[in-house]
Amino acid sequence: MLAYMSLPIFSTSEDPGPSLPNLLKKLGMGPSYDAVNSSGSGELDITHGTTVVAARYDGGVVMAGDRRATSGNLISYRTMQKVFPADKWSGVAIAGAAGPAIEMVRMFQLQLEHYEKVEGNSLSLEGKANQLSQMVRAHLPAAMQGMVVVPLFAGYDRRRAKGRLFAYDVTGGRYEEGEYMASGSGSLHAKTVIKLGRRNATTKDDVVNLLIKALFNAADDDSATGGPDSMRGIYPIVATISAEGYVQLEEEDIAARFEDVIAELTLDEEEIK
Amino acid sequence: MNMPFYVPPEQVMKDRADYAQKGIARGRSLVAAEFSEGIVLCAENPSRNLRKISEIYDRIGFAGVGRYNEYDQLRIAGIRHADTKGYNYSRDDVDSQTLANQYAQMLGQIFTHEMKPLEVEILVAEVGFIADNDRLFHIRYDGSVTDEDDFVALGGDAEAILERLGTNSMKSANLQECIKTLVAALAGPDRELPPEQLEVAVIDRLDDGRCFRRIENGEIATLLG
């Protein structure tokens, strides 16, 4: 109907609907990793973010992630954020190539907001999980070149009044997890800790402590995962998502919980002696 | 081949303006005002689903009167403009002035070049970090823009509403006082507007994040007392 005059207006057959990625594609602005395909071996030391974990409790979900980013054997960044609010009722945690992962989170956050404004309602939790799945799938060519991004998505499903948790694989495969999930290089250690401890963790507080313990152990055994850094005052990020929405825990609170974990472990060591 | 009749351009423009004004006058009106904590937008709208007022960006709201499909298309274009700009630059770089200019360009272009002008009047409102930086841009069907201070009325009854509001600024009023005044001006002396007939939204002067929020029926009823 109307010509394009820097206000993006489309004919009905060309309209991208409430999708921001489609809109950006139409305008030629979307993120592109096409150049990667021609770069040869692809053996660059790309900055990587590492361990993120998430687990459900009765009233919602807890997400946590360490702060370390590595390039090869070097620590490239000590304060990376890997757990983000996706919107008021959901959060996303990322592991993998840091640059594309942060771009993916940004695009995901903007897409949820864009949809909400255009349509007047927000997407269902499952709709959000599927949107992220499409973004991971679209990223597959770059993942094949070594820039793998594997997010975790969690949120509070207001229609069903419960927390839900989704894991992904590099192809965009989406798996709803019943209890807990971890992603990234330290995920094996973290998952073991959660698996062993989850029976005794029922309340939100217990689950927060369990995830903190899981991250501590991941950092203990995986060089790419950062532990609590009391010297610089850098601690993993922990957030809860419940009927009250996405809430990030205070740094002092997290620091105190890490001290408890360390005190407990120190006690164990003394008992052995 | 028949030669088309000569029609003077004055006549063409007048006919188009009359056509657009008639279309706009068929719909119900809308008012917006700056108050102590931000900007209130208040429309007479019996529908819960076909909205006149909407969020564009963090500090920017949109309101339209006239033909729903036309202002809704402008609303979505505005959201797309703001979201792509924020994505390409930063959230701080999205401003109401650019958006108002874009709308004006577009409405002006359509008014002079298309078969039919758009039968809409729109408002772009932005809440500043300080009250002095609040903006109310009123854009008409022909692309003319006015930068209003204090308050603005859109639609067929705009003149009558502005007369009822007089010259009293609501800049120091609280939300309740402001909404009461606006609803009274919207209704006029001969009738009362119940909450179900109203669509109200506020752009709060917050420090950051999304400042737009709708005020639902229950809350409107409480505020109107």
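Residues numbered from 1 in each chain as written. Chains lettered and ligands numbered in written order. Predicted model: local features only at pLDDT ≥ 70, side-chain atom pairs only at ≥ 80, totals over all residues. Heavy atoms only, no water.

1. Some points on the overall build of chain B
Phase 1 of the analysis: From N to C terminus, chain B includes 6 helices and 10 strands.
Phase 2 of the analysis: Projected onto its principal axes, the C-alpha positions of chain B cover 65 × 50 × 35 Å.
Phase 3 of the analysis: Split into buried and exposed, the 225 residues of chain B put 52% on the buried side.
Phase 4 of the analysis: At a minimum sequence separation of 6, the contacts of chain B that also span at least 24 residues come to 65%.
Phase 5 of the analysis: In the form shown here, chain B has an accessible surface area of approximately 10,700 Å², with 49% of it arising from carbon and sulfur atoms.
Phase 6 of the analysis: Of the charged side chains in chain B, 25 are positive and 38 negative; the average position of the first set lies 5 Å away from that of the second. (Helix = DSSP H or I, 4+ residues; strand = E, 2+ residues; numbered from the N terminus. Buried < 20%, exposed > 50% of the residue type's maximum accessible area, 1.4 Å probe, protein only. Contact = heavy atoms within 4.5 Å. Areas by Shrake-Rupley, 256 points an atom, 1.4 Å probe, with all protein chains shown as cover. Lys, Arg positive; Asp, Glu negative; His and termini not counted. Charge placed at Lys NZ, Arg CZ, Asp CG, Glu CD.)

2. Quick look at the sheet that holds strand 1 (residues 30-35) of chain B
Residue and element names in this part refer to chain B.
Phase 1 of the analysis: With respect to topology, 5 strands assemble into an open sheet ordered 8-1-2-9-10, the strand pairing being antiparallel. Each edge of the open sheet carries a strand with a single partner, namely strand 8 (151-154) and strand 10 (212-215). Strand-to-strand, the axes of this sheet are offset by a mean angle of 15 degrees, without reference to chain direction.
Phase 2 of the analysis: Sheet contacts for helix 4 (residues 158-165): strand 1 and strand 8; angle to strand 8, the most-contacted strand, approximately 150 degrees.
Phase 3 of the analysis: Taken strand by strand, helix 6 (residues 217-224) contacts strand 9 (198-204) and strand 10, and its axis lies near 75 degrees from that of strand 10. (Pairing = 2+ DSSP bridges. Axes fitted to C-alpha atoms, helices over the stretch in contact; angles between N-to-C directions.)

3. So, the packing of aromatic side chains
Residues and elements named next belong to chain A.
Phase 1 of the analysis: One pass over the full model with this rule turns up 7 aromatic pairs over all chains.
Phase 2 of the analysis: On the basis of an interplanar angle of 80 degrees and a centroid distance of 5.5 Å, the ring pair of Phe108 and Phe153 is categorised as edge-to-face. In this pair, Phe108 sits in helix 2 (residues 98-119) while Phe153 sits in strand 8 (residues 149-157), placing the two residues 45 residues apart along the sequence.
Phase 3 of the analysis: Among the residues examined, Phe108 registers a relative accessible area of 0% and is labelled buried.
Phase 4 of the analysis: For Phe153, a relative accessible area of 0% gives the class buried. (Phe/Tyr/Trp six-rings, centres within 6.5 Å; stacked < 30°, edge-to-face > 60°.)

4. Some points on the sheet that holds strand 7 (residues 145-148) of chain B
Residue and element names in this part refer to chain B.
Phase 1 of the analysis: Pairing in this open sheet of 5 strands is antiparallel, and the strands run 3-4-5-6-7 from one edge to the other. If you trace the sheet from one side to the other, it starts and ends with strand 3 (53-57) and strand 7, each paired once. Along the sheet, successive strands turn relative to each other by an average axial angle of 25 degrees, direction set aside.
Phase 2 of the analysis: Note: strand 3 against strand 4 (residues 60-66), 4 bridges, orientation antiparallel. Each bridged residue has a counterpart across the sheet, and for Ile53 the counterpart in strand 4 is Ala63.
Phase 3 of the analysis: Sitting on the sheet, helix 2 (residues 68-88) is in contact with strand 3, strand 4 and strand 5 (120-126), with an inclination near 20 degrees to strand 3.
Phase 4 of the analysis: Against the sheet, helix 3 (residues 96-113) makes contact with strand 3, strand 4, strand 5, strand 6 (135-139) and strand 7, and its axis sits at roughly 5 degrees relative to strand 6, the strand it touches most.

5. Quick word on the environment of A:Ala190
All names here are of chain A.
Phase 1 of the analysis: As for its placement among the helices and strands, Ala190 is situated in helix 5 (residues 187-197).
Phase 2 of the analysis: On the basis of relative accessible area, Ala190 is assigned to the buried category, the value being 0%.
Phase 3 of the analysis: Along the sequence, Ala190 and Ala219 sit 29 residues apart, while their C-alpha atoms lie 8.8 Å from each other.
Phase 4 of the analysis: Beyond its immediate stretch of four places on either side in the chain, Ala190 contacts Thr51, Val53, Ala182, Ala214 and Ala218.

6. Things to note about the interface of chain B and chain A
Phase 1 of the analysis: Facing the 26 residues of chain B at the interface are 27 residues of chain A.
Phase 2 of the analysis: In this assembly, chain B packs against chain A so that about 2,400 Å² is buried in total across both faces, 58% of it on carbon and sulfur atoms.
Phase 3 of the analysis: At the surface where chain B touches chain A, the tally comes to 4 salt bridges.
Phase 4 of the analysis: The partner of A:Lys117 in a salt bridge is B:Asp83, and the shortest N-O contact between them spans 2.9 Å.
Phase 5 of the analysis: Among the elements of the structure, strand 3, helix 2 and helix 3 of chain B are those that each provide at least two residues to the side of chain B that touches chain A.
Phase 6 of the analysis: For the side of chain B that touches chain A, the element with the highest residue contribution is helix 2 of chain B, accounting for 13 residues. (Buried area = accessible area lost by both parts, 1.4 Å probe. Salt bridge = Lys/Arg side-chain N within 4 Å of Asp/Glu carboxyl O.)

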